[in-house]
Amino acid sequence: MEESTAKKSVPVLPWMRSPVDITHFEDCPFDLIPCLDPRLKVALQKLGFSSLLPVQIAVWQETIGPGAFERDLCINSPTGSGKTLAYALPIVQRLSTRAIKCLRALIVLPTRDLAVQVKEVFAAIAPAVGLSVGLAVGQSSISHEISELIKRPKFEAGICYDREYLMQGFESSVDILVATPGRLMDHITTTKGFTLEHLCYLVVDETDRMLREEYQSWLPTVLKMTRSHDESIMPHVNSFFPSVFGPLKTIRRCGVERGFKGKCYPRLVKMVLSATLTRDPSKLAQLDLHHPLFLTSGKRRYQLPEKLESYRVICESKLKPLYLVALLQNLGGEKCIVFTSSVESTHRLCTLLNFFGDLKLKIKEYSGLQRQSVRSVIQVNILQQDIEGLPEGEIQVLVSSDAMTRGMDVEGVRNVINYDRPPFIKTYIHRAGRTARAGQAGRCFTLLHRDEVKRFRKLLQKVDNDSCPVYTVPSSSVESLHSIYVSGNFLDFFPIDELIMH
Ligand SMILES: Nc1ncnc2c1ncn2[C@@H]1O[C@H](COP(=O)(O)OP(=O)(O)OP(=O)(O)O)[C@@H](O)[C@H]1O
């Protein structure tokens, strides 16, 4: 269950009560960023960026700047504010001076799509300073993944003939690994030569979601492996060539580090992030944070993107699908994501919308049931438009359940539509956050029956949003759609009562 978000709630944890306010920072051009490696500056410019965003500056200060990575960071910053680069850039900059390649940074995310997206960000900057990035998400077979991650000694029938490799043993092919918890655990438990012994940085993105589920106890396992040089938790290490394994050793001493008794040194630096970061002490305790620093945006617990406009569309339940079609028509060809409450609703709604073929809506479905990634769904959508030569400005619509609410960065989404009312404020934040990203404008429409308005307004008060004006869909559009619906035999396929999905 989502935790309650009482108005003006005060965090229980003392260190959360005196946060760094990210809103006090402003965009800063690269030339003014202290110590930024010029090679990284060029890589960022190739991405089309010219400055760092506020959250990126705030994190830079606490890592490469005066903060010098001395504290673990808990970052609560709105959707689309640029959190990925906020952690990627300092990690890459710091590792750019490393002498020997080994796995030093691990980024863990809840889904494959998100991990692929984050890997792309690292891959855009890390090679500029000679670092390699790997992905462990189960996108390919485990043997292929292992071959990408580990440089193995040459063995034949269990015998190693290559003296040089024999001396070197296994080596990591990557400095940075982006992983989902399941595949990470596969490598920890079964992949020979996979070690977290040298890990310096651990990032837990979408932290509240990551801490909500156990994911095969990946977190305690990772923390245990990085706390001491204890090989007993990696049974294959001892049973397999112990004399040649791991020529490079990272010894973590247990002692007093800057007054913190019992911490290992060198310690694992942790960064945890979300747009809806948990404040639950018992959940955060699992991370074993060191002298944590809380970075958050403004005084409110949750914040919506600055340029997001929220609207409600009041409609009769019976005519909800038709209101949606009319709204899509009204949005004049802008890219939209429509959210429903379940995979079944997504499928039914998408099928219905596609029946309105004359309306020239190009619609795709995305749900957790589909194997295809969100991005490839979007690409297919664009591709089809090219092939069929449909007129420019044609509406592109992705219908989705909450499977893709978190973190997905889909370019050019101008509108989000909540076909079903989001049950929690966190759901609203993550859905709405697929638009209005990186300082762009965006709109979020929520279709509501009159009876739902009060509850919805109460929900929005949690993000200090008292003004959620009504967006009026012309009733004439709905009426003409209704006659198409009635005359088009839709009723046989989609009895209107079944389309009302709450
Ligand atoms: N310095 C920058 N200048 C311009 N655009 C940027 C910059 N940094 C990141 N972006 C863009 O901002 C968008 C949002 O970034 P990102 O996905 O990291 O946001 P986020 O805060 O992690 O969002 P969410 O909470 O939804 O996961 C991306 O499209 C990214 O390319």
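Quick caveat: nothing in here was measured; it's all calculated off a predicted structure.

**What about the packing of helix α3 (residues 83-95) against helix α4 (residues 112-125)?**
Contact geometry of α3 with α4 gives a least axis separation of 10 Å together with a crossing angle of 40 degrees. Taken together, the axis directions place α3 and α4 in an arrangement best described as oblique. Judged by the twist between their axes, the crossing of α3 over α4 is right-handed. The segment α3 lies against α4, with Thr-84, Leu-85, Tyr-87, Ala-88, Leu-89 and Val-92 engaging Val-118, Val-121, Phe-122 and Ile-125. The residue makeup of the contact of α3 with α4, split by class, is nine nonpolar, one polar and no charged.

**Looking at the packing of aromatic side chains**
Under the counting rule described, the total for this entry stands at seven aromatic pairs. Ring plane angle 85 degrees and centroid distance 6.3 Å describe the contact between Trp-15 and Phe-294, whose orientation is recorded as edge-to-face. Pair noted here: Trp-15 is in the segment before β1 (20-21) and Phe-294 is in strand β16 (residues 293-296), with a separation of 279 residues, a long-range link. Ring geometry for Tyr-87 versus Phe-122: centroids 6.1 Å apart, planes at 40 degrees, classification tilted. Residue Tyr-87 is found in helix α3, and its partner Phe-122 is found in helix α4; the two are separated by 35 residues along the sequence. Each member of the pair, Tyr-87 together with Phe-122, is buried. Grouped by ring-pair contacts, the aromatic residues Tyr-311, Phe-445 and Tyr-471 constitute a single cluster. One cation-aromatic arrangement involves Lys-320 over Tyr-419; the distance from NZ or CZ to the ring centre is 4.7 Å.

**Thoughts on the nonpolar core**
Soluble globular proteins: nonpolar side chains tend toward being buried together. Counting 78 residues, the largest nonpolar core has Phe-122 and Ile-176 as the members making the most contacts within it. When residues of this core are assigned to domains, at least three fall in each of domain 1 (14-153 + 168-228 + 261-296) and domain 2 (308-492). Setting aside residues up to four positions removed in sequence, Phe-122 forms contacts with Tyr-87, Ala-88, Val-92, Ile-107, Pro-127, Val-133, Ile-176 and Val-178. Listed in part, the 37 residues of the second largest apolar core include Cys-74, Ala-136, Phe-194 and Leu-277.

**Some words on the confidence of the model for the protein**
The pLDDT averaged across the protein works out to 83; a share of 78% of its residues lies at or above 70. Confidence over residues 230-246 falls short of pLDDT 50; this stretch has 30 contacts with residues more than four positions distant or in other chains. This model gives residues 379-395 a pLDDT under 50, and the stretch forms 31 contacts once residues within four places in sequence are excluded. As scored by the predictor, the complex reaches a pTM of 0.87 and an ipTM of 0.99.

**Side note on the packing of helix α7 (residues 181-190) against helix α9 (residues 218-227)**
Two numbers describe a pair of packed helices, the interaxial angle and the distance between the axes. Look at α7 against α9: their axes get within 10 Å of each other, and the N-to-C directions meet at 45 degrees. Judged by the angle between their axes, α7 and α9 are oblique. Judged by the twist between their axes, the crossing of α7 over α9 is left-handed. For the pair α7 and α9, contact is made by Pro-181, Leu-184, Met-185 and Ile-188 and by Trp-218, Thr-221, Val-222 and Met-225, respectively.

**Topic: the site of the ligand**
Around the ligand lies a shell of 19 residues, among which Ser-51, Gly-80, Lys-83, Thr-84 and Asp-409 are the nearest. The side chain of Thr-84 places a nitrogen or oxygen atom 2.7 Å from an oxygen atom of the ligand. Contact distances for the ligand include 2.8 Å between an oxygen atom and a side-chain N or O atom of Arg-437. About the coverage of the ligand: the protein hides 84% of its 640 Å² of free accessible area. Contributions of two or more residues to the shell around the ligand are made by β3 (51-52) and α3. It is α3 that provides the largest number of residues to the shell around the ligand, a total of three residues. Split by domain, the shell around the ligand shows at least three residues from each of two domains, domain 1 (14-153 + 168-228 + 261-296) and domain 2 (308-492).

**Re the domain arrangement of the protein**
When its domains are assigned, the protein resolves into domain 1 (14-153 + 168-228 + 261-296) and domain 2 (308-492). Taken residue by residue, the interface counts 13 residues in domain 1 and 15 residues in domain 2. Regarding the contact of domain 1 and domain 2, the summed buried area is about 1,300 Å², with carbon and sulfur atoms giving 48% of it. When the buried area of domain 1 at its contact with domain 2 is split by residue, Thr-79, Asp-113 and Gln-117 rank highest and sum to 40% of it.

**Re the environment of Gly-412**
Locating Gly-412 in the fold gives a position in the loop between β20 (395-400) and β21 (415-418). Distance from Gly-412 to Met-210, taken between C-alpha atoms, is 27 Å for residues 202 residues apart in sequence.

**Focus: unusual backbone geometry**
In the Ramachandran plot, Cys-35 falls in the positive-phi region, its phi being about 70 degrees despite a non-glycine side chain. Judged by its relative accessible area of 57%, Cys-35 falls in the exposed class. Its identity as a non-glycine residue notwithstanding, His-291 has a phi of 45 degrees, on the positive side. Turning to its location among the elements, His-291 is positioned in the loop between α11 (281-285) and β16.

**With respect to the pairing of β16**
Both faces of β16 are covered, namely the face carrying Leu-293 and Leu-295 and the face carrying Phe-294 and Thr-296. Direction of pairing for β1 relative to β16: parallel, over a ladder of two bridges. Within β16, the position partnered with Asp-21 by the bridge is Thr-296. Taken together, the four bridges between strand β4 (residues 73-76) and β16 define a ladder with parallel strand orientation. Bridging across to β16, Leu-73 finds its partner in Leu-293.

Basis of the calculations
Residues numbered from 1 in each chain as written. Predicted model: local features only at pLDDT ≥ 70, side-chain atom pairs only at ≥ 80, totals over all residues. Heavy atoms only, no water. Axes fitted to C-alpha atoms, helices over the stretch in contact; angles between N-to-C directions. Helix = DSSP H or I, 4+ residues; strand = E, 2+ residues; numbered from the N terminus. Parallel < 35°, antiparallel > 145°, perpendicular 65-115°, else oblique. Left-handed = near helix turned anticlockwise from the far one by under 90°. Contact = heavy atoms within 4.5 Å. Nonpolar A, V, L, I, M, F, W, Y, C, P; charged D, E, K, R; others polar. Phe/Tyr/Trp six-rings, centres within 6.5 Å; stacked < 30°, edge-to-face > 60°. Buried < 20%, exposed > 50% of the residue type's maximum accessible area, 1.4 Å probe, protein only. Lys NZ or Arg CZ within 6 Å of the ring centre and 35° of its normal. Core = buried A, V, L, I, M, F, W, Y, C linked by side-chain atoms within 4.5 Å. Domains from an automatic or database assignment. pLDDT = per-residue confidence, 0-100. Near = heavy atom within 4 Å. Polar contact = N/O pair within 3.5 Å; in protein donor to acceptor, adjacent residues only side chain to side chain. Areas by Shrake-Rupley, 256 points an atom, 1.4 Å probe, with all protein chains shown as cover. Buried area = accessible area lost by both parts, 1.4 Å probe. Pairing = 2+ DSSP bridges.

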